[in-house]
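What the coordinates show
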Amino acid sequence: MQKNILIVLSVFALCLVNSANAIKCYKCKSITDPGCASDMIDENSRIAVVDCDTVPKPNSMDQYMPVTKCNRVVTSDKAGVIISRDCHFQSIGSDPNVCTVSHSRKIDSCHTCSGDLCNSNSSAGRFMAIGFTAIFALVAMVFAF
């Protein structure tokens, strides 16, 4: 009986890691919100959180895939550096990790990630959650057999 409960809990935990396409991301630009440039966004900050299913897609002729990732993009030009965080819009047929911007700024870096609010610039939390879930599943399987 205990073995079956552990197996069911393990499967349930794995399903929670990434169970849906709907994703929430931080949305900001350091030019208007200095907190956006922070290395790590505090969960108590006032930076906007958006549901990517409800955000209008960029105004362009490109067709976009459903949003399943967030991004953190660093751009620059003569005026300076801007850090932005947003839903990651991928064009159909393009590389899933390439960031594009709607203006003539140079992209210095682009980080895409999967998982709610992962663009806080901390991928460690996501990896820790997956790691703990995997360890829990392995322990449950050992006890099951």
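Keep in mind the model is a prediction, meaning the values are calculated, not measured. (Residues numbered from 1 in each chain as written. Predicted model: local features only at pLDDT ≥ 70, side-chain atom pairs only at ≥ 80, totals over all residues. Heavy atoms only, no water.)

Considering the state of the cysteines
- All told, the structure shown has five disulfides when counted by the stated rule.
- Note on cysteine connectivity: C28 is disulfide-linked to C36, with sulfurs 2.1 Å apart. Handedness of the C28-C36 disulfide follows from its S-S torsion of about 75°: it is right-handed. Per residue, the accessibility class of C28 equals that of C36, and both read buried.
- When the bonded cysteines of the chain are counted from the start of the sequence, the pairing works out to 1-5, 2-3, 4-6, 7-8, 9-10. (Disulfide = S-S within 2.5 Å. Buried < 20%, exposed > 50% of the residue type's maximum accessible area, 1.4 Å probe, protein only.)

A look at the packing of aromatic side chains
- Scanning the entire structure with this criterion turns up one aromatic pair.
- The interplanar angle of 75° and the centroid separation of 6.0 Å between the aromatic rings of Y64 and F89 together place this pair among those described as edge-to-face. Here Y64, found in the loop between β2 (48-51) and β3 (70-77), pairs with F89, found in the loop between β4 (80-87) and β5 (106-113); they are 25 residues apart in sequence, far enough to count as distant.
- Judged by its relative accessible area of 11%, F89 falls in the buried class. (Phe/Tyr/Trp six-rings, centres within 6.5 Å; stacked < 30°, edge-to-face > 60°. Helix = DSSP H or I, 4+ residues; strand = E, 2+ residues; numbered from the N terminus.)

Digging into the nonpolar core
- Residues I23, C25, V50, C52, V55, Y64, V67, C70, C87, F89, C113 and C118 constitute the largest nonpolar core, which totals 12 residues.
- Of all hydrophobic cores here, the second largest spans five residues; its members include Y26, C36, I41 and I47. (Core = buried A, V, L, I, M, F, W, Y, C linked by side-chain atoms within 4.5 Å.)

Brief notes about the environment of V73
- In this fold, V73 is placed in strand β3.
- Taking the relative accessible area as the measure of exposure, V73 reaches 3% and is therefore buried.
- The sequence separation of V73 and H88 amounts to 15 residues, and the corresponding C-alpha distance is 9.9 Å.
- In this structure, V73 is in contact with I82, I83, S84, C99, V101, I107 and S109, ignoring residues within four places of it in sequence. (Contact = heavy atoms within 4.5 Å.)

Describing the pairing of β3
- Counting buried positions along β3 yields seven of eight residues, so the element is predominantly enclosed.
- Both β3 and β4 contribute to a ladder of eight bridges, which runs antiparallel. Opposite C70, over in β4, you have C87 as the bridge partner.
- Adjacent in sequence and paired antiparallel, β3 and β4 are bridged by two residues.
- Two elements, β3 and β5, share seven bridges in a ladder whose sense is antiparallel. (Pairing = 2+ DSSP bridges.)

Quick word on the confidence of the model for the chain
- Per-chain confidence: the chain averages 77 in pLDDT, with 68% of residues scoring 70 or above.
- Note that pLDDT drops below 50 for residues 8-19; the model gives that stretch 12 contacts with residues more than four away or on any other chain.
- Segment residues 122-129: pLDDT under 50, and five contacts once partners within four positions in sequence are set aside and those in other chains are kept. (pLDDT = per-residue confidence, 0-100.)

Thoughts on the environment of Y26
- Take Y26: it is sitting in strand β1 (residues 24-29).
- A sequence separation of 60 residues divides Y26 from D86, and the C-alpha atoms of the two residues are 5.8 Å apart.
- Apart from residues lying up to four places away in sequence, Y26 is in contact with I41, D42, E43, I47, A48, V49, R85, D86, L117, N119 and S120.

Some words on unusual backbone geometry
- Phi is positive for L117, which is not a glycine, with a value near 55°.
- For L117, a relative accessible area of 28% translates into the label partly exposed.

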